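As a plain string of letters, each chain reads:
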Amino acid sequence: MADKSYLGWPFFEQRHAVLERDLDAWAAEHVRDAHGSDTDAQCRSLVRALGDAGWLRHAIGGTAYGGALDAIDTRAICLIRETLARHNGLADFAFAMQGLGSGAISLFGSDASKQAYLPRVAKGEAIAAFALSEPQAGSDVAAMQCAAVPDGDHYVLNGEKTWISNGGIADFYVVFARTGEQPGARGISAFIVDKDTPGFAIAERINVIAPHPLARLEFSNCRIPSSQRLGEAGQGFKVAMATLDVFRTSVAAAALGFARRALDEALAHAQSRKMFGQALADFQLTQAKLAQMATGVDSSALLTYRAAWQRDQGQIVTKEAAMAKMTATETAQQVIDAAVQMFGGMGVVSEHPVERLYREIRALRIYEGATEVQQLIIARELLREG
Ligand SMILES: Cc1cc2nc3c(=O)[nH]c(=O)nc-3n(C[C@H](O)[C@H](O)[C@H](O)COP(=O)(O)OP(=O)(O)OC[C@H]3O[C@@H](n4cnc5c(N)ncnc54)[C@H](O)[C@@H]3O)c2cc1C
């Protein structure tokens with residue numbers, strides 16, 4: 001049983017502890033441990049189940065649109081991701097993508113676009129996606145080539161996006177494209193593109209080590225009404241970064257959930273596995289490893305919930321979110337690797353919980369800004385402050 005004393009930390013309010021307790025109980029009953037073979041179907045049904053149970057209300061902002069609160073509560077999103085990740089990586093993914101895919105609408109949408117999309121996202125009736133990356137523009141977002149040219153009361157969108165989570169099953173995509181108001185990052189705008197818009201196509205489905213829906217998208221003379229633009233023309237980079245400021249911290253929370261699960265599994269195994277006439281946990285080498293894992297988990301939790309709390313206070317968290325994401329994902333990788341090692345041969349058997357965690361954690365060190373990008377962000381902020 002996981003230690004829940006961290007819920008008493010000053011970052012949280014009473015409602016957060018209640019949220020975690022209720023979700024933990026719900027997930028234990030409703031979220032299957034293993035991934036099925038049909039990831040699309042499993043993902044769709046997880047979105048539905050999370051919507052029916054009311055958890056997706058926390059993924060959006062605005063009670064008028066079906067949200068739990070008037071503004072996005074970063075701590076709630078982080079606690080939900082951490083808890084779901086502890087139970088099942090795909091459940092965390094399903095929740096996270098509803099938030100990331102609709103985050104720009106919660107933060108920058110007009111009343112009409114909020115009404116049109118957010119209630120369906122919150123009920124799990126519409127699946128959301130966030131389309132920023134391109135084959136030649138991953139870490140270097142400003143190298144984006146996908147372009148949207150104004151044409152009367154429409155924009156004409158051409159280009160491609162890749163690595164798009166929920167690609168192939170999403171009902172709508174928040175797409176970032178170059179509109180050219182100014183060079184580089186200042187000439188990008190954000191648009192909502194419905195899946196059945198003529199000129200939009202799924203060009204390729206991509207398989208990854210921890211399966212989830214992922215695709216390359218193509219836009220070919222795809223006409224988007226100007227009313228589908230989010231924020232001002234040329235403000236797309238700001239829209240993307242504000243969305244990532246919320247969800248980057250939540251990637252740290254997901255990594256934290258994976259790490260906690262690995263520590264729980266390792267503790268239970270070390271106490272029950274007998275060798276050389278005693279338990280694995282009786283060896284000091286094992287105890288040193290467990291101490292290191294637990295300290296890593298707490299360090300990640302402190303950085304994650306500091307960033308979440310600061311954002312909920314209305315503070316800018318660029319540096320803190322980067323510290324949390326870098327530390328929690330890198331630490332989780334080490335904690336999970338240590339757990340796999342403690343399980344011996346069992347640790348590499350397909351679909352064993354620690355084997356799944358070993359695959360699940362890897363992409364988190366790459367997406368929403370690779371570790372090296374987080375290092376540069378932290379250093380840039382430090383140098384600016386100093
Ligand atoms: C499973 C998965 C899901 C994803 N989901 C989405 C999604 O839903 N929407 C979306 O828009 N994108 C998504 N992405 C894309 C993701 O954000 C990019 O993969 C990421 O930004 C890295 O871009 P890249 O793959 O082009 O790698 P590159 O930009 O080519 O970077 C390769 C590596 O170079 C290193 N690096 C980067 N910058 C520097 C530097 N300045 N100095 C030194 N080294 C550096 C890092 O180690 C990095 O991993 C997803 C990716 C994955 C793997």
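Residues numbered from 1 in each chain as written. Predicted model: local features only at pLDDT ≥ 70, side-chain atom pairs only at ≥ 80, totals over all residues. Heavy atoms only, no water.

## Overview of the overall build of the protein
Secondary structure summary: the protein contains ten helices and ten strands in total. Its C-alpha radius of gyration of 21 Å places the protein within 12% of the 21 Å reference for a compact globule of 386 residues. The principal-axis extents of the C-alpha atoms in the protein amount to approximately 80 × 50 × 40 Å. Burial status across the protein gives 56% buried among its 386 residues. If you take every contact in the protein between residues at least 6 apart in sequence, the share linking residues at least 24 apart comes to 73%. Taken as a whole, the protein presents about 16,300 Å² of accessible surface, with 53% of it coming from carbon and sulfur. Computed over 38 positive and 44 negative side-chain charges, the inter-centroid distance for the protein is 1 Å. (Helix = DSSP H or I, 4+ residues; strand = E, 2+ residues; numbered from the N terminus. Rg over C-alpha atoms; globule rule 2.2 N^0.38 Å. Buried < 20%, exposed > 50% of the residue type's maximum accessible area, 1.4 Å probe, protein only. Contact = heavy atoms within 4.5 Å. Areas by Shrake-Rupley, 256 points an atom, 1.4 Å probe, with all protein chains shown as cover. Lys, Arg positive; Asp, Glu negative; His and termini not counted. Charge placed at Lys NZ, Arg CZ, Asp CG, Glu CD.)

## A word on the site of the ligand
Every one of the 19 residues lining the ligand counts as a neighbour, but F130, S133, S139, W163 and E372 are closest to it. Within the side chain of S133, one N or O atom sits 2.7 Å away from a nitrogen atom of the ligand. Contact between the ligand and S165: a nitrogen atom at 2.9 Å from a side-chain N or O atom of the residue. Calculation on the ligand without its partners gives an accessible area of 980 Å², and the protein chains cover 67% of this total. Looking at the shell around the ligand, the elements with two or more residues in it are β1 (128-131), β3 (154-165) and α10 (371-385). Looking at the shell around the ligand, its residues break down into twelve nonpolar, five polar and two charged. (Near = heavy atom within 4 Å. Polar contact = N/O pair within 3.5 Å; in protein donor to acceptor, adjacent residues only side chain to side chain. Nonpolar A, V, L, I, M, F, W, Y, C, P; charged D, E, K, R; others polar.)

## Some points on the side chain of S113
On the secondary structure map, S113 appears in helix α5 (residues 111-123). Looking at S113, the relative accessible area reads 5%, which means it is buried. Setting aside residues no more than four positions away along its own chain, S113 makes contact with I105, L118, I192 and L230.

## Side note on the side chain of D245
Within the fold, D245 resides in helix α6 (residues 236-272). The buried charged residue D245 lacks any salt bridge, with R248 as its nearest oppositely charged partner at 4.9 Å. In this structure D245 touches R311, V317, T318 and A321, once residues within four positions along its chain are discounted. (Salt bridge = Lys/Arg side-chain N within 4 Å of Asp/Glu carboxyl O.)

## Considerations on the nonpolar core
Membership of the largest hydrophobic core comes to 71 residues, with the highest contact counts inside it found for L84, L157, F172, F176 and F219. If you tally residues by element for this core, the top one is helix α4 (residues 89-108), at nine residues. (Core = buried A, V, L, I, M, F, W, Y, C linked by side-chain atoms within 4.5 Å.)

## So, the environment of S37
Position of S37 among the secondary structure elements: in the loop between α1 (14-30) and α2 (39-52). Distance from S37 to A68, taken between C-alpha atoms, is 33 Å for residues 31 residues apart in sequence.

## Some thoughts on the state of the cysteines
Following the criterion strictly, the structure yields zero disulfides and no others. Counting only cysteine sulfurs, C222 is the nearest neighbor of C146, a cysteine outside any disulfide, at a range of 9.1 Å. Residue C146 is classed as buried on the basis of its relative accessible area of 1%. (Disulfide = S-S within 2.5 Å.)

## Notes on unusual backbone geometry
If you check the backbone angles, N221 has positive phi at about 50° while not being a glycine. Summarising the element assignment, N221 is placed in strand β7 (residues 214-225). With a phi close to 75°, E351 is a non-glycine residue in the positive phi region. Along the chain, the position of E351 falls in the loop between α8 (318-343) and α9 (353-360).

## Quick notes on the pairing of strand β5 (residues 188-194)
For a regular strand, side chains alternate in direction, first toward one face of the sheet and then toward the other. Burial within β5 is extensive, with six of its seven residues counted as buried. Where strand β4 (residues 172-178) meets β5, seven bridges bridge the pair, whose relative direction is antiparallel. Bridged to V175 within β5 is F191. Across two bridges, β5 lies against strand β8 (residues 229-230) in antiparallel orientation. When the sheet's bridge partners are listed, F191 is paired in β8 with R229. (Pairing = 2+ DSSP bridges.)

## Here's the deal with the packing of aromatic side chains
Inspection of the entire model under this criterion finds twelve aromatic pairs. Ring geometry for F200 versus F219: centroids 5.4 Å apart, planes at 35°, classification tilted. Within this pair, whereas F200 is found in strand β6 (residues 200-205), its partner F219 is found in strand β7, the two being separated by 19 residues in sequence. F219 shares its class with F200; the two are buried. Among the aromatic side chains, those forming a connected cluster through ring pairs are Y6, W9, F12 and Y305. (Phe/Tyr/Trp six-rings, centres within 6.5 Å; stacked < 30°, edge-to-face > 60°.)

## Some details on α8
Here α8 spans 38 Å end to end across 26 residues, near enough to the 38 Å set by a 1.5 Å rise per residue. In terms of residue burial, α8 counts as a mostly covered element, since 19 of its 26 residues are buried. Where α8 terminates, the next one or two residues include G344, which has phi positive at roughly 60°. (Expected span 1.5 Å × (residues − 1).)

## Here we look at α2
Here α2 is 14 residues long and its end C-alpha atoms lie 20 Å apart, about the 20 Å a rise of 1.5 Å per residue gives. Along α2, the residues classified as buried are T39, D40, Q42, C43, L46, V47, L50 and G51. What you see down the axis of α2 is that its buried residues fit within an arc of 165°, all on one side. On the buried face of α2, the contacting elements are α1, α3 (74-87), α4, α5 and β6. Sitting at the amino-terminal end of α2 is D38, which places a side-chain oxygen 3.2 Å from the backbone nitrogen of D40. Among the residues trailing α2, G54 stands out with phi positive, at a value near 90°. (Arc of directions from axis to C-beta.)

What is shown is where atoms sit, not what they do.
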